[in-house]
Amino acid sequence: MKKVFQLVHISDLHLGGGYFVPDWGGRVVEITNALTPDLLVITGDLTTEGHVHEYDQVVEYLKNFSVARRLIVPGNHDARNEGYMIFEELFGTRYPVFEDGKITVLGLDSSQPDIDDGHIGRSNYPMIAHRFQDRSGLKIVCLHHHLVPIPGTGRERHIPTDAGDVLKLLVELDVRIALSGHKHLPWVWHIENTWLITGGTATSRRLKGRSYPSFNLLTIGEREFELVEVNVATGKHIRKLVAPV
Ligand SMILES: [Fe+2]
Ligand SMILES: [Fe+2]
(Lines give C-alpha, C1' and ligand atoms only; values in the text may rest on other atoms or scores of the structure.)
(Ligands and ions follow the chains in the order given, each with its own letter.)
Protein backbone atom coordinates (compact mmCIF):
# COMPACT_ATOMS: atom_id res chain seq x y z
CA MET A 1 0.00 0.00 0.00
CA LYS A 2 1.39 3.36 -1.03
CA LYS A 3 1.34 5.61 2.02
CA VAL A 4 -0.52 8.89 1.57
CA PHE A 5 -0.79 9.86 5.22
CA GLN A 6 0.12 8.35 8.54
CA LEU A 7 -1.02 9.21 12.02
CA VAL A 8 -0.17 7.92 15.46
CA HIS A 9 -3.08 7.79 17.89
CA ILE A 10 -2.24 7.66 21.59
CA SER A 11 -4.62 8.00 24.50
CA ASP A 12 -4.99 8.01 28.27
CA LEU A 13 -1.47 8.97 29.29
CA HIS A 14 -2.58 9.76 32.86
CA LEU A 15 0.41 11.76 33.99
CA GLY A 16 0.27 12.60 37.69
CA GLY A 17 -1.35 10.36 40.30
CA GLY A 18 1.32 7.66 40.08
CA TYR A 19 -0.21 5.85 37.10
CA PHE A 20 2.21 6.95 34.36
CA VAL A 21 4.98 4.44 33.68
CA PRO A 22 8.08 6.37 32.51
CA ASP A 23 9.52 3.36 30.70
CA TRP A 24 6.34 2.97 28.63
CA GLY A 25 6.21 6.73 28.06
CA GLY A 26 9.75 6.61 26.71
CA ARG A 27 8.94 3.73 24.38
CA VAL A 28 5.90 5.53 22.95
CA VAL A 29 8.13 8.52 22.16
CA GLU A 30 10.87 6.35 20.69
CA ILE A 31 8.55 4.31 18.44
CA THR A 32 6.54 7.35 17.35
CA ASN A 33 9.61 9.45 16.51
CA ALA A 34 11.07 6.58 14.49
CA LEU A 35 7.84 6.33 12.47
CA THR A 36 7.87 10.08 11.62
CA PRO A 37 4.06 10.22 11.21
CA ASP A 38 2.32 13.21 9.61
CA LEU A 39 0.13 13.78 12.65
CA LEU A 40 0.08 12.87 16.33
CA VAL A 41 -3.44 12.49 17.76
CA ILE A 42 -4.03 12.32 21.51
CA THR A 43 -7.58 11.49 22.61
CA GLY A 44 -7.56 12.76 26.16
CA ASP A 45 -6.85 11.84 29.74
CA LEU A 46 -3.41 13.37 29.50
CA THR A 47 -3.63 14.04 33.26
CA THR A 48 -5.19 12.24 36.21
CA GLU A 49 -7.04 15.04 38.02
CA GLY A 50 -6.62 18.02 35.71
CA HIS A 51 -4.31 19.83 38.13
CA VAL A 52 -1.80 22.38 36.88
CA HIS A 53 1.23 20.44 38.11
CA GLU A 54 0.00 17.44 36.10
CA TYR A 55 -0.41 19.60 32.99
CA ASP A 56 3.18 20.80 33.58
CA GLN A 57 4.27 17.17 33.39
CA VAL A 58 2.25 16.73 30.18
CA VAL A 59 3.97 19.72 28.57
CA GLU A 60 7.39 18.33 29.52
CA TYR A 61 6.49 14.87 28.22
CA LEU A 62 5.13 16.14 24.90
CA LYS A 63 8.41 18.00 24.26
CA ASN A 64 9.97 14.58 23.60
CA PHE A 65 7.92 14.01 20.45
CA SER A 66 9.48 15.20 17.22
CA VAL A 67 6.12 15.22 15.37
CA ALA A 68 5.32 18.88 14.76
CA ARG A 69 1.64 18.51 13.85
CA ARG A 70 -0.54 17.44 16.75
CA LEU A 71 -4.26 17.23 17.42
CA ILE A 72 -5.20 16.93 21.09
CA VAL A 73 -8.61 16.74 22.81
CA PRO A 74 -9.33 16.61 26.56
CA GLY A 75 -10.69 13.63 28.47
CA ASN A 76 -12.90 13.50 31.53
CA HIS A 77 -9.84 13.48 33.82
CA ASP A 78 -8.45 16.61 32.14
CA ALA A 79 -11.72 18.50 32.70
CA ARG A 80 -11.63 17.98 36.47
CA ASN A 81 -10.82 20.83 38.86
CA GLU A 82 -11.20 23.45 36.09
CA GLY A 83 -8.47 21.61 34.20
CA TYR A 84 -10.36 22.24 30.95
CA MET A 85 -9.34 25.90 31.27
CA ILE A 86 -5.67 24.97 31.62
CA PHE A 87 -6.12 22.67 28.61
CA GLU A 88 -7.33 25.66 26.57
CA GLU A 89 -4.42 27.80 27.78
CA LEU A 90 -1.93 25.17 26.69
CA PHE A 91 -3.49 23.76 23.53
CA GLY A 92 -5.66 26.65 22.34
CA THR A 93 -8.92 24.90 21.55
CA ARG A 94 -10.91 21.89 22.64
CA TYR A 95 -12.14 21.47 19.04
CA PRO A 96 -8.97 21.34 16.92
CA VAL A 97 -8.99 20.75 13.15
CA PHE A 98 -6.37 19.38 10.79
CA GLU A 99 -6.88 19.64 7.02
CA ASP A 100 -4.51 19.02 4.16
CA GLY A 101 -6.86 18.56 1.20
CA LYS A 102 -6.77 14.75 1.26
CA ILE A 103 -7.82 14.37 4.86
CA THR A 104 -9.89 16.23 7.42
CA VAL A 105 -9.44 15.44 11.11
CA LEU A 106 -11.74 17.10 13.64
CA GLY A 107 -11.24 16.91 17.38
CA LEU A 108 -14.27 17.07 19.68
CA ASP A 109 -14.32 17.77 23.39
CA SER A 110 -16.61 15.06 24.81
CA SER A 111 -15.80 15.91 28.44
CA GLN A 112 -17.78 17.88 31.00
CA PRO A 113 -16.28 19.58 34.05
CA ASP A 114 -16.15 17.19 37.04
CA ILE A 115 -18.50 14.70 35.35
CA ASP A 116 -17.16 11.48 33.90
CA ASP A 117 -20.01 10.99 31.42
CA GLY A 118 -19.33 11.98 27.85
CA HIS A 119 -21.38 14.62 26.03
CA ILE A 120 -20.96 16.31 22.66
CA GLY A 121 -24.05 18.52 22.71
CA ARG A 122 -26.53 19.43 19.98
CA SER A 123 -25.17 22.99 19.81
CA ASN A 124 -21.99 21.48 18.32
CA TYR A 125 -23.71 19.48 15.58
CA PRO A 126 -23.83 22.38 13.05
CA MET A 127 -20.09 22.96 13.56
CA ILE A 128 -19.38 19.25 12.97
CA ALA A 129 -21.54 19.26 9.84
CA HIS A 130 -19.85 22.43 8.58
CA ARG A 131 -16.40 20.90 8.98
CA PHE A 132 -17.25 17.79 6.97
CA GLN A 133 -19.93 18.80 4.50
CA ASP A 134 -18.77 19.15 0.89
CA ARG A 135 -15.33 17.82 1.83
CA SER A 136 -13.71 15.20 -0.35
CA GLY A 137 -11.07 12.90 1.07
CA LEU A 138 -10.97 10.97 4.27
CA LYS A 139 -12.93 12.27 7.26
CA ILE A 140 -11.84 11.42 10.79
CA VAL A 141 -13.16 12.57 14.19
CA CYS A 142 -11.25 12.27 17.46
CA LEU A 143 -12.94 12.33 20.85
CA HIS A 144 -12.17 10.93 24.27
CA HIS A 145 -15.29 8.89 25.01
CA HIS A 146 -16.29 5.70 23.21
CA LEU A 147 -19.53 5.95 21.21
CA VAL A 148 -20.45 2.26 21.53
CA PRO A 149 -19.84 0.03 24.58
CA ILE A 150 -16.50 -1.81 24.68
CA PRO A 151 -16.56 -5.52 25.62
CA GLY A 152 -14.62 -6.58 28.70
CA THR A 153 -14.89 -3.23 30.45
CA GLY A 154 -17.65 -4.02 32.92
CA ARG A 155 -20.87 -2.16 33.47
CA GLU A 156 -21.38 0.47 30.79
CA ARG A 157 -20.59 3.97 32.03
CA HIS A 158 -19.66 7.36 30.68
CA ILE A 159 -20.71 6.82 27.06
CA PRO A 160 -21.73 10.22 25.61
CA THR A 161 -25.27 10.97 26.65
CA ASP A 162 -26.03 11.90 23.04
CA ALA A 163 -24.03 9.02 21.47
CA GLY A 164 -26.97 7.95 19.28
CA ASP A 165 -27.36 11.39 17.72
CA VAL A 166 -23.60 11.75 17.24
CA LEU A 167 -23.34 8.32 15.57
CA LYS A 168 -26.18 9.21 13.19
CA LEU A 169 -24.48 12.49 12.35
CA LEU A 170 -21.11 10.84 11.67
CA VAL A 171 -22.72 8.20 9.43
CA GLU A 172 -24.69 10.86 7.52
CA LEU A 173 -21.56 12.95 7.02
CA ASP A 174 -19.65 9.89 5.76
CA VAL A 175 -17.04 10.18 8.50
CA ARG A 176 -14.96 7.05 7.95
CA ILE A 177 -13.09 6.81 11.25
CA ALA A 178 -13.78 7.87 14.85
CA LEU A 179 -10.77 7.63 17.17
CA SER A 180 -11.41 7.51 20.91
CA GLY A 181 -10.00 6.29 24.21
CA HIS A 182 -11.29 6.33 27.79
CA LYS A 183 -11.83 2.61 28.37
CA HIS A 184 -8.12 1.70 28.40
CA LEU A 185 -8.79 -1.32 26.20
CA PRO A 186 -8.40 -1.33 22.41
CA TRP A 187 -11.42 -2.26 20.32
CA VAL A 188 -12.94 -1.71 16.88
CA TRP A 189 -16.62 -1.51 15.92
CA HIS A 190 -18.00 -1.02 12.42
CA ILE A 191 -21.31 0.80 11.96
CA GLU A 192 -22.57 1.49 8.44
CA ASN A 193 -19.45 2.89 6.79
CA THR A 194 -17.85 4.25 9.95
CA TRP A 195 -15.07 2.53 11.89
CA LEU A 196 -15.10 3.24 15.63
CA ILE A 197 -11.53 2.71 16.81
CA THR A 198 -10.86 2.85 20.54
CA GLY A 199 -7.25 2.97 21.69
CA GLY A 200 -5.89 1.50 24.92
CA THR A 201 -3.92 3.44 27.48
CA ALA A 202 -0.50 4.13 26.01
CA THR A 203 1.49 4.84 29.14
CA SER A 204 -0.50 4.18 32.32
CA ARG A 205 -0.83 1.17 34.58
CA ARG A 206 -4.60 1.69 34.69
CA LEU A 207 -5.03 -1.50 32.66
CA LYS A 208 -7.92 -3.94 32.43
CA GLY A 209 -6.87 -7.32 33.82
CA ARG A 210 -3.70 -8.55 32.14
CA SER A 211 -4.07 -6.34 29.08
CA TYR A 212 -1.09 -4.30 27.91
CA PRO A 213 -0.39 -0.62 27.17
CA SER A 214 -0.85 0.17 23.49
CA PHE A 215 -1.38 2.82 20.86
CA ASN A 216 -2.60 2.91 17.27
CA LEU A 217 -0.81 3.48 14.01
CA LEU A 218 -3.10 4.44 11.15
CA THR A 219 -1.64 4.32 7.65
CA ILE A 220 -3.80 5.74 4.89
CA GLY A 221 -3.30 4.86 1.25
CA GLU A 222 -5.08 5.90 -1.98
CA ARG A 223 -7.76 3.22 -1.66
CA GLU A 224 -7.47 1.69 1.79
CA PHE A 225 -6.25 2.29 5.28
CA GLU A 226 -4.48 -0.01 7.72
CA LEU A 227 -4.80 -0.05 11.50
CA VAL A 228 -1.88 -1.43 13.48
CA GLU A 229 -1.94 -1.73 17.26
CA VAL A 230 1.45 -1.26 18.90
CA ASN A 231 2.03 -3.13 22.17
CA VAL A 232 4.09 -0.62 24.15
CA ALA A 233 5.44 -3.20 26.61
CA THR A 234 6.85 -5.54 23.93
CA GLY A 235 7.09 -3.27 20.88
CA LYS A 236 5.08 -5.85 18.89
CA HIS A 237 3.01 -4.50 15.98
CA ILE A 238 -0.36 -6.20 15.48
CA ARG A 239 -2.22 -5.63 12.22
CA LYS A 240 -5.87 -5.19 13.21
CA LEU A 241 -7.68 -3.98 10.15
CA VAL A 242 -7.44 -3.11 6.47
CA ALA A 243 -10.48 -1.36 5.00
CA PRO A 244 -11.40 0.88 2.06
CA VAL A 245 -11.11 4.62 2.63
FE1 LIG B 1 -8.40 7.27 31.03
FE1 LIG C 1 -11.39 8.86 30.49
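Residues numbered from 1 in each chain as written. Chains lettered and ligands numbered in written order. Predicted model: local features only at pLDDT ≥ 70, side-chain atom pairs only at ≥ 80, totals over all residues. Heavy atoms only, no water.

Per an unreviewed UniProt entry, the protein goes by the name Metallophosphoesterase and belongs to candidate division WOR-3 bacterium. The Sequence similarities (unreviewed entry) comment attached to the protein in UniProt states, word for word, "Belongs to the cyclic nucleotide phosphodiesterase class-III family." (UniProt positions renumbered as here; feature names shortened; annotations may be inferred.)

Asker: Describe the overall build of the protein, with residues and values.
Answerer: Scanning the protein from terminus to terminus reveals five helices and twelve strands. Scaling as 2.2 N^0.38, a compact globule of 245 residues should have a C-alpha radius of gyration of about 18 Å, and the protein matches this with 16 Å. Once the C-alpha set of the protein is aligned to its principal axes, its extents read approximately 45 × 40 × 35 Å. Looking at the 245 residues of the protein, the share that counts as buried comes to 56%. Pairs at least 24 residues apart make up 68% of the contacts formed inside the protein by residues separated by at least 6 positions. When the accessible area of the protein is evaluated, it comes to approximately 10600 Å², of which 49% is carbon and sulfur surface. (Helix = DSSP H or I, 4+ residues; strand = E, 2+ residues; numbered from the N terminus. Rg over C-alpha atoms; globule rule 2.2 N^0.38 Å. Buried < 20%, exposed > 50% of the residue type's maximum accessible area, 1.4 Å probe, protein only. Contact = heavy atoms within 4.5 Å. Areas by Shrake-Rupley, 256 points an atom, 1.4 Å probe, with all protein chains shown as cover.)

Asker: Before we move on, could you go through the UniProt feature "domain: Calcineurin-like phosphoesterase" (unreviewed entry) in the protein and cite the residues and values that matter?
Answerer: Mapped onto the present numbering, the UniProt feature "domain: Calcineurin-like phosphoesterase" (unreviewed entry) falls at residues 7-185. Secondary structure across residues 7-185 comprises 29% helix and 18% strand; the distance between its end C-alpha atoms is 19 Å.

Asker: How would you summarise the packing of aromatic side chains if you had to cite specific residues and measurements?
Answerer: In total, this model carries five aromatic pairs according to the counting rule given. Arranged with centres 5.3 Å apart and planes meeting at 75°, the rings of Phe20 and Tyr61 form a pair that is edge-to-face. Here Phe20, found in the loop between β1 (5-10) and α1 (22-35), pairs with Tyr61, found in helix α2 (residues 52-62); they are 41 residues apart in sequence, far enough to count as distant. For Phe20, a relative accessible area of 17% corresponds to the buried category. Here the aromatic rings of Tyr61 and Phe65 are separated by 5.4 Å at their centres, their planes lie at 90°, and the arrangement is edge-to-face. Judged on exposure class, the residue Tyr61 and its partner Phe65 are both buried. In this structure an aromatic cluster arises from ring pairing among Phe20, Tyr61 and Phe65. (Phe/Tyr/Trp six-rings, centres within 6.5 Å; stacked < 30°, edge-to-face > 60°.)

Asker: Provide a residue-level description of the pairing of strand β5 (residues 103-108), including the pertinent values.
Answerer: The buried fraction of β5 amounts to six of the six residues, a majority that puts the element mostly inside the structure. Note: strand β4 (residues 97-99) against β5, three bridges, orientation antiparallel. Paired with Phe98 across the two strands is Val105, which belongs to β5. The antiparallel pairing of β4 with β5 creates a hairpin that spans three residues between the two strands, and Gly101 there sits at a positive phi of about 95°. Both β5 and strand β6 (residues 138-143) contribute to a ladder of six bridges, which runs parallel. Paired with Leu106 across the strands is Val141, a residue of β6. A crossover links β5 with its parallel partner β6, the connecting element being helix α4 (residues 125-132), and its sense is right-handed. (Pairing = 2+ DSSP bridges. Right-handed = clockwise from strand over helix to strand, strands pointing away.)

Asker: Could you give me a rundown of helix α3 (residues 83-91), with the residues and numbers involved?
Answerer: Of all the positions in α3, only Gly83, Ile86 and Phe87 are classed as buried. An end-on view of α3 places all buried positions within 105° of arc, on one side of the element. Among the structural elements, α2 and β3 (70-73) are those in contact with the buried residues of α3. (Arc of directions from axis to C-beta.)

Asker: Just give me the short version of the coordination of the iron ion (ligand 2), but keep the residues and values in it.
Answerer: Protein coordination of the iron ion (ligand 2) is provided by Asp45 (OD), Asn76 (OD1), His144 (NE2) and His182 (ND1), with donor distances spanning 2.1 to 2.2 Å. Between the four donor atoms coordinating the iron ion (ligand 2), the angles at the centre fall across 88 to 159°, so the site counts as irregular. The two metals, the iron ion (ligand 2) and the iron ion (ligand 1), are separated by 3.4 Å and share Asp45 as a common coordinating residue. Within this pair, whereas Asp45 is found in the loop between β2 (39-43) and α2, its partner Asn76 is found in the loop between β3 and α3, the two being separated by 31 residues in sequence. There is no split in this pair, since Asp45 and Asn76 are both buried. (Donors = N, O, S within 2.8 Å, 3.2 Å for Na, K, Ca; no water. Tetrahedral: all angles 85-135°; square planar, octahedral: opposite > 155°, others 65-115°.)

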